[in-house]
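Chain by chain, the residues run as shown.
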Amino acid sequence: MKTDFDVIIVGGSNAGLSAGMSLGRSLRDVLIIDSGKPCNRQTPASHNFITHDGWRPAEILEAARHEVLAYPTVSFLESRVNKASGSNNDFNVTLDDQRQFKAKKLLFATGIKDLMPAIDGFAECWGISAIHCPYCHGYEYRGQTTGVLMNGDNAADYIKLISNWTKDLTLFTNGQATITTELKEKIWSRNINIVEKEIEGLIHEHGHITHITFKDGSNQPLTALYHRPAFEQHCSIPEHLGCALTEQGFIQVNELKKTTVAGVYAAGDNSTPMRSVASAVAAGNFTGAMINHEMISEAEWAA
Ligand SMILES: Cc1cc2nc3c(=O)[nH]c(=O)nc-3n(C[C@H](O)[C@H](O)[C@H](O)COP(=O)(O)OP(=O)(O)OC[C@H]3O[C@@H](n4cnc5c(N)ncnc54)[C@H](O)[C@@H]3O)c2cc1C
């Protein structure tokens, strides 16, 4: 296999494969390296992406890989990038197995890692009935007995959003609510109960919640639970290269998807809170074009 590429894309899921198509069609030699852990891998059906609504996430990626790898300019490796070094137009990338590759530009499409709360059963239900986004999964749970796990004043806006899909709602604060009395009254005025008991776990059948249990020994029937977990970058290499992060923990990019390090780009979940397959595909598509544009700008005119 060759070792010298125009662009190496770290992360070959929705954003990375989409960028690979833009770059491959721009006649750039591209290597996509992917460690096979997209954030939505446990969800049985991915929604709200036209042409693929309801597909399994793995099916979407398989179809994407099939199309992208039809371009002879694009190569794909199932592996994990362990290290990257160098500077604009001269980057080195090392895999876990110590293989090394070179590239003029790097694109990180590495996503984020959701940090599961310390609630028994939550991780098993994640993406199935413990969900983060009403646009992705709210329709499937419309009208059902639903909880929102959140505390603080932001909970009021979030529960108002979710009440678009179901009125059978409870707010679980998992300990004393830190919500102003005014906002609590707004929540109660919508017939939404606020439960401040500490949560023990989720009883579920193959990821489908049936009950939420509390540390005081009580429980309550439940079908779905919304939660926005804390997260960290799935890959810390951009930070080691010197890329700045935003206050929220995303890779800082400008309107061209350039990070704060010359020649290094980021696209997809790692650099935006707009989290969806469609957004990641759009970001990858755009970033591929921007990288190609930079390479054209840097090239000398032929004599
Ligand atoms: C549980 C869940 C359900 C969701 N459901 C939906 C839905 O129904 N509809 C919808 O539109 N959106 C949904 N989303 C959001 C959607 O999945 C993401 O927005 C989208 O997958 C982001 O794509 P990405 O390519 O940026 O990151 P990811 O899909 O997370 O992919 C990142 C890739 O980078 C790889 N990687 C990371 N580090 C390295 C490394 N060092 N070397 C090599 N590879 C690396 C990972 O293995 C992974 O394959 C869901 C998200 C979650 C968490």
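Summary of the structure given here. No experiment lies behind these values; they were computed from the predicted model shown.

On to the side chain of T213. Residue position: T213 is located in strand 13 (residues 208–214). Excluding residues that lie within four positions of it along the chain, T213 makes contacts with I199, E200, G201, I203, S218 and N219.

The next subject is the pairing of strand 3 (residues 74–78). Pairing analysis gives five bridges linking strand 2 (residues 30–34) to strand 3, with the strands arranged parallel. Bridge pairing in strand 3 links L31 to S75. Handedness of the crossover joining strand 2 and strand 3 through helix 2 (residues 57–68) is recorded here as right-handed.

Here we come to the site of the ligand. Close contacts around the ligand come from 35 residues, with S13, D34, S35, K37 and H47 the closest. The contact in question runs from an oxygen atom of the ligand to an N or O atom on the side chain of N40, over 3.1 Å. H47 is positioned with one of its backbone polar atoms (N or O) 2.8 Å from a nitrogen atom of the ligand. The protein chains hide 99% of the 1000 Å² of surface that the ligand would expose on its own. Breaking the shell around the ligand down by element, the ones donating at least two residues are helix 1 (14–24), strand 2, helix 4 (134–137) and helix 8 (277–298). Grouping the constituent residues of the shell around the ligand by class yields twelve nonpolar, 17 polar and six charged.

Before going further, it helps to examine the state of the cysteines. Following the criterion strictly, the structure yields zero disulfides and no others. Sulfur of C136: no disulfide; nearest cysteine sulfur belongs to C133 and is 3.2 Å away. Given the relative accessible area of 12%, C136 is considered buried. Between C235, a cysteine without a disulfide, and C243, which holds the nearest cysteine sulfur, the sulfur-to-sulfur distance is 9.9 Å.

Now for the environment of F49. Here F49 lies in the loop between strand 2 and helix 2. A sequence separation of 228 residues divides F49 from V277, and the C-alpha atoms of the two residues are 6.6 Å apart. Leaving out residues up to four positions away in the same chain, F49 has contacts with V277, A278 and V281.

Ordered in space as 8-15-9-10-11, the five strands form an open sheet in which the pairing is parallel. Edge strands, defined here as strands with exactly one partner in the open sheet, are strand 8 (130–131) and strand 11 (193–195). Relative to strand 15 (residues 224–226), strand 9 (residues 146–149) runs parallel, the two sharing three bridges. Opposite G147, over in strand 15, you have L225 as the bridge partner. Contacts between helix 5 (residues 154–162) and the sheet are confined to strand 9, strand 10 (169–172) and strand 15, with strand 10 contributing the most and set at about 155° to the helix.

What follows deals with unusual backbone geometry. For T51, which is not a glycine, the phi torsion comes out positive at approximately 80°. A relative accessible area of 65% means that T51 is categorised as exposed. In this structure, N89 is a non-glycine residue whose phi angle is positive, near 70°. In this fold, N89 is placed in the loop between strand 4 (81–87) and strand 5 (90–95). N89 gets classed as partly exposed once you look at its relative accessible area, which sits at 36%.

Now for the packing of aromatic side chains. A complete count under the given rule lists six aromatic pairs for this structure. Plain terms: the ring middles of F172 and F214 are 6.0 Å apart, the flat faces sit at 35° to each other, and that makes the pair tilted. Residue F172 is located in strand 10, and its partner F214 is located in strand 13; the two are separated by 42 residues in the primary sequence. With a relative accessible area of 3%, F214 lands in the buried category. The ring of Y139 has R142 sitting right over it, with the charged end atom 4.0 Å from the ring centre. Seen from the ring of F214, K197 lies directly overhead, with NZ or CZ sitting 4.7 Å from the centre.

Another aspect to go through is the sheet that holds strand 13. Taken together, three strands build an open sheet; the order of strands is 12-13-14 and the sheet is antiparallel. Of all the strands in the sheet, the pair left with one neighbour each is strand 12 (199–205) and strand 14 (219–221). Each strand axis lies, on average, 25° off the axis of its neighbour in the sheet, ignoring direction. Strand direction decides the pairing type here: strand 12 and strand 13, joined by six bridges, are antiparallel. Directly across from I199, in strand 13, lies its bridge partner F214.

A separate point is the packing of helix 1 against helix 8. Packing of helix 1 against helix 8 leaves a shortest axis separation of 7 Å and a crossing angle of 35°. In this structure, helix 1 crosses over helix 8, and the sense of that crossing is right-handed. Where helix 1 approaches helix 8, its residues N14, A15, S18, A19, S22 and L23 are matched on the opposing element by V277, A280, V281, G284, N285, G288, A289, I291 and N292. Residues that form the contact of helix 1 with helix 8 fall into these classes: eight nonpolar, seven polar and no charged.

Conventions used here
- Residues numbered from 1 in each chain as written.
- Predicted model: local features only at pLDDT ≥ 70, side-chain atom pairs only at ≥ 80, totals over all residues.
- Heavy atoms only, no water.
- Helix = DSSP H or I, 4+ residues; strand = E, 2+ residues; numbered from the N terminus.
- Contact = heavy atoms within 4.5 Å.
- Pairing = 2+ DSSP bridges.
- Right-handed = clockwise from strand over helix to strand, strands pointing away.
- Near = heavy atom within 4 Å.
- Polar contact = N/O pair within 3.5 Å; in protein donor to acceptor, adjacent residues only side chain to side chain.
- Areas by Shrake-Rupley, 256 points an atom, 1.4 Å probe, with all protein chains shown as cover.
- Nonpolar A, V, L, I, M, F, W, Y, C, P; charged D, E, K, R; others polar.
- Disulfide = S-S within 2.5 Å.
- Buried < 20%, exposed > 50% of the residue type's maximum accessible area, 1.4 Å probe, protein only.
- Axes fitted to C-alpha atoms, helices over the stretch in contact; angles between N-to-C directions.
- Phe/Tyr/Trp six-rings, centres within 6.5 Å; stacked < 30°, edge-to-face > 60°.
- Lys NZ or Arg CZ within 6 Å of the ring centre and 35° of its normal.
- Left-handed = near helix turned anticlockwise from the far one by under 90°.

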